[in-house]
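What follows is the residue order along each chain.
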Amino acid sequence: MESRALISELDRLVAETCSLWDAGWVTFNWRNYTYDHVQRVRSLTLTLCAREGGDPLVCDLASLLHDITKPYDGEYLVDAEGKRVVGDDGLWRNDPRPPARCNEVTELYDALGLAGELHNVSGAIVARHLLRRRGVDDAICERVARTIRDHLKTPQDAPVESRCLSDADTIDANIGLPAFVRNIYIHLHYRDQRLAPGDVPTETLLREAPLDYLRPYVCENLPRWSEGKRRDFVPRLMTAAGIRIAEERLNVLTATWARLADELEAFDVTSRRGATAAVLHFMRHRDDPSIAAETRSLLDAWVSGDGVLPEARCFVERLQREIAGLS
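Residues numbered from 1 in each chain as written. Predicted model: local features only at pLDDT ≥ 70, side-chain atom pairs only at ≥ 80, totals over all residues. Heavy atoms only, no water.

A. Geometry of the overall build of the protein chain. Regarding its fold elements, the protein chain presents 15 helices and 4 strands. Taken over the C-alpha trace, the protein chain has a radius of gyration of 20 Å; the compact-globule value for 327 residues is 20 Å, and the two agree within 12%. Along the longest, intermediate and shortest principal axes, the C-alpha atoms of the protein chain span 60 × 45 × 35 Å. Of all 327 residues assigned to the protein chain, the portion counted as buried reaches 52%. As displayed, the protein chain offers around 14,600 Å² of accessible surface, 50% of which is attributable to carbon and sulfur atoms. For the protein chain, the separation between the mean place of its 42 positive charges and that of its 52 negative charges on side chains is 2 Å. (Helix = DSSP H or I, 4+ residues; strand = E, 2+ residues; numbered from the N terminus. Rg over C-alpha atoms; globule rule 2.2 N^0.38 Å. Buried < 20%, exposed > 50% of the residue type's maximum accessible area, 1.4 Å probe, protein only. Areas by Shrake-Rupley, 256 points an atom, 1.4 Å probe, with all protein chains shown as cover. Lys, Arg positive; Asp, Glu negative; His and termini not counted. Charge placed at Lys NZ, Arg CZ, Asp CG, Glu CD.)

Dropping the structure here:
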């Protein structure tokens, strides 16, 4: 099968597979997150691949399929003390989560007896079979499978394609404006989970007293969050290009926190026309959201409107660049 047709067919299969589970939150993700994440990781992996001299076909196929079995990873397993269970490889273990519907991927998963395997292992095996069925050369199949298997815990001597996918996966989930939007959804979700009797419901708070939520979130939580990502994740990156992109994105985040903090002092205007308005849009659209779709909505229907501040356009356009895998 010609490469473009192969990628297109597999992309449809990935989208279909992500939809086989019903909507809802599992660990730090919701249903629509996974397909969005795959597309961003694919774009960023190809950017890193071009800069690091990897094989673009291997990177394209591996990044597209790297989370093909991720929806099977359910809630984290915990021990008697409430601590997450860690396997011999140092990775958290998950409770298996079956789909509500079936397709080629789930049939393969069951036939190969992959229940209980983390998605990097099960995904590598499923990807190998999917590619072989479509006539892909065995050598490419094996390289793609290795790249997927490596992406959660990448050896120092791993091939460049493994290092590109690992860095792209790490950066997308943790560093940059797409990761910030993900943090918005996670932070609100866990507020919902921790509500005590008498607490103001989240939707009411965002509608009636948004500054009560935004001030500590913008001025305290977000700077701690991004500095933690700088400390914990940049040292793990394995490519020079990945480190450069991560540092650039972190600098953008620091500037974004300062801009949002300033905007809170003119909230009547910025809540309608500033970057704060875009942040509030994400906060108020969180029913199984698609980060890509909500960003497109802002670009298509809002940023070009009358009165929208340049800072708001800059924020949304930069977010779209990062979604597209650009630095």
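After presenting the structure, the write-up continues.
B. View of unusual backbone geometry. Non-glycine residue Thr 27 carries a positive phi angle of around 50 degrees. Along the chain, Thr 27 turns up in the loop between strand E1 (25-26) and strand E2 (29-30). For Thr 27, a relative accessible area of 9% translates into the label buried. A positive phi angle is found at Asp 288, which is not glycine, with a value near 45 degrees. Tracing the sequence through the fold places Asp 288 in the loop between helix H13 (275-284) and helix H14 (291-301). With relative accessibility at 15%, the residue Asp 288 sits in the buried group.

C. View of the environment of Thr 47. Mapped onto the fold, Thr 47 is located in helix H2 (residues 31-52). The class for Thr 47 is buried, based on a relative accessible area of 14%. Between the alpha carbons of Thr 47 and Leu 299 there is a distance of 23 Å; along the sequence they are 252 residues apart.

D. Representation of the packing of aromatic side chains within the structure. As enumerated under the stated definition, the model contains 12 aromatic pairs in all. The aromatic ring of Trp 92 is capped on one face by Arg 84, whose charged end is 4.3 Å from the ring centroid. When the ring centre of Phe 233 is taken as origin, the NZ or CZ atom of Arg 236, which lies over that ring, is 4.6 Å away. (Phe/Tyr/Trp six-rings, centres within 6.5 Å; stacked < 30°, edge-to-face > 60°. Lys NZ or Arg CZ within 6 Å of the ring centre and 35° of its normal.)

E. Examining the pattern of salt bridges more closely. Inspection of the entire model under this criterion finds 25 salt bridges. Two residues, Asp 89 and Arg 93, come together in a salt bridge whose shortest N-O distance is 3.3 Å. Residue class for Asp 89 comes out partly exposed when judged on its relative accessible area of 28%. Three or more residues joined by partner-sharing salt bridges are found here, namely Glu 9, Glu 104, Arg 133 and Arg 134. (Salt bridge = Lys/Arg side-chain N within 4 Å of Asp/Glu carboxyl O.)

Note that every value here comes from positions in space, so none of it alone points to a role or purpose.
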